[in-house]
Amino acid sequence: MKILVAWHKEYRDISFTPPSLKDRWTGSRRVFYDRFLPLLQSMLPLRIVEVRPIQEDVLLLAHDEKYVSFVREVSRIGVGLLDYGDTPAFPGVYEKALLAVSGTFMLADLLRERGGIGFNPQGGFHHARRSSAGGFCVFNDIAIAARHLSRNGVQRIAIVDIDAHHGDGTQEILYRDAILKISSHGYGYGFYPGTGWIDELGEGEGQCRNINLPMPFPSGDDVFRLVLDFIDEILERYRPDFIIVQAGGDAYKGDPLVDLRLTDNSYYAFSLMLSRYASKGIPILMTGGGGYQPEVVARLWALMLACVSGKCIKELGPIDRETVSEPGIVMAMQSRIEHLRKKTAECL
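Structural notes, computed from the coordinates.

Parameters and conventions
- Residues numbered from 1 in each chain as written.
- Predicted model: local features only at pLDDT ≥ 70, side-chain atom pairs only at ≥ 80, totals over all residues.
- Heavy atoms only, no water.
- Helix = DSSP H or I, 4+ residues; strand = E, 2+ residues; numbered from the N terminus.
- Contact = heavy atoms within 4.5 Å.
- 1 Å grid on protein atoms, 1.4 Å probe; cavity = no way out; pocket = protein on both sides within 12 Å on 5 of 7 lines; lining within 4 Å.
- Points joined across faces, edges and corners; volume = space filled by probe spheres on them.
- Nonpolar A, V, L, I, M, F, W, Y, C, P; charged D, E, K, R; others polar.
- Expected span 1.5 Å × (residues − 1).
- Buried < 20%, exposed > 50% of the residue type's maximum accessible area, 1.4 Å probe, protein only.

## Brief notes about the side chain of Thr287
Then comes step 1: Structurally, Thr287 is set in strand β8 (residues 284-287).
Then comes step 2: Sequence-distant contacts of Thr287, that is, excluding residues within four places in its chain, are made with Thr104, Phe119, Asn120, Gly123, Gly124, Asp141, Ile142, Val245, Gln246 and Ala247.

## What about the layout of surface pockets?
Then comes step 1: By volume, the largest pocket amounts to about 230 Å³.
Then comes step 2: Lining the largest pocket are 15 residues, and of these Asp83, Tyr84, Ser132, Ala133 and Gly134 sit closest to its centre.
Then comes step 3: Of the residues belonging to the lining of the largest pocket, the class tally is five nonpolar, six polar and four charged.

## Quick word on helix α6 (residues 221-238)
Then comes step 1: With 18 residues, α6 extends 25 Å from end C-alpha to end C-alpha; this agrees with the ideal 26 Å at 1.5 Å per step.
Then comes step 2: Those residues of α6 that sit buried are Asp221, Val223, Phe224, Val227, Leu228, Phe230, Ile231, Asp232, Ile234, Leu235 and Tyr238.
Then comes step 3: One or two steps after α6, the chain reaches Arg239, where phi turns positive at roughly 60°.

## With respect to empty space enclosed by the protein
Then comes step 1: Within this structure, the stated rule accounts for one cavity of 30 Å³ or more.
Then comes step 2: Its boundaries defined by the atoms lining it, the largest cavity holds a volume of some 80 Å³.
Then comes step 3: Lining the largest cavity, in full, are Ile159, Asp161, His166, Gly167, Thr170, Gln171, Lys181, Ile182, Ser183, Asn210, Ile211 and Asn212.
Then comes step 4: Those elements that provide at least two residues to the lining of the largest cavity are β4 (157-161), α5 (168-174), β5 (180-186) and β6 (210-215).
Then comes step 5: Of the residues contributing to the lining of the largest cavity, the split by class is three nonpolar, seven polar and two charged.

## A look at helix α3 (residues 93-114)
Then comes step 1: Between its terminal C-alpha atoms α3 stretches 32 Å, which fits the 32 Å expected from 22 residues at 1.5 Å a residue.
Then comes step 2: For α3, a buried count of 17 out of 22 residues is recorded, marking the element as mostly surrounded by other parts of the structure.
Then comes step 3: Positive phi appears at Gly115, one or two residues downstream of α3, with a value of about 80°.

In C-alpha cells form, the structure reads like this:
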C-alpha cells in the first residue's frame, strides 16, 4: 500500500504559535523528518511528495474573501495578531499558511486519483474558522480538502479528529455539509476552545453528520477505548469513501497544554482501526495537528503511519503501560456515548 508524505524545505520551520511554543511545534516536524522518516522509508513503500504552492482561490472553499484579504494584508505589514491573542502575525504568514494548506490539498488529489495513505505533518489546522484565525491556525486545510473532494466526485467523506482540542473551525465551516465530522477531545471549564459538546450535531444536510466525543479530564486509555469503539461503529454505519484524519498528539500524557493521559496504546489502537478501512481500499489522509512534546509526537505520527498501512514497526511502540481512569470519568463517558448512540440511530 503506497504511502505519501508531504515535504517542503520550509515545513521544518513553519509555526503559527506564539514564540514560547515555536520550538515545540517545529521540533515535532524536525524530529519526524530527520529521525523517523528515514526509518519509515527503509521499511515501507513510502514516497516523498514535493509540495508546490496551490492557487490562492482554493482558500475560498472554506474562508470568505474578506478574511483571506485581511491575512494577506497583515502578512505584508508583518506585526500584530490574526485573532484575539493566540495566533501571531509575522512577515510572510500568508504565504506560509498557504504552503501548509498546499500539502494537504495535493495529497487529497493524489489519493483521490490513486488511493493509498498520505500524511502532511504541517497540516491539521482545525481551529481556523471561515472568517477568523484561532488556536495557532490560519487557514483550515482539513475543511478545504474535504470541500474539494466533495466537489470532485467523492461521495462519502469522513473527518476523524483526535486532537485534544475540539476542531471548532472544521465544525463551523462544515456544519451544514453532508460530510461526516467526528471529534474526540478534552472538555472542561476554561479549556480551549470551549465547543464540542454532544448536542452539536449539525444542521441541514449536515444533520447528524457532526459528532463530538468530549472526554472528561484526566481521561486515560480506557476512556479512549470506549470512544474508539464508537468511532468505529459510526464509520461502519457511514461507509466512507475517503477518510481525513487530524492526528494531533496533544492528548498524550504529560503534554504541557492538556490534562489528558493517553499513551501510545491509544494511538496504536486507533491506527489498527483505520488500517481495516485502508485495507478495503479507502484512502486515508492524515494531518499532523497539535502536540507539544516533540519526541513523543513525532514517534506517534510514525507509529500511526506505519500501522495504518498494515505494517506496524515494533521499534515505534507501543512501549507504555495503559492508563486507567477514575470510575466516575468512565461512567460519564459511557453516558455521553449512549446519548450519541440514541441520537445518531435516528438520523445517520
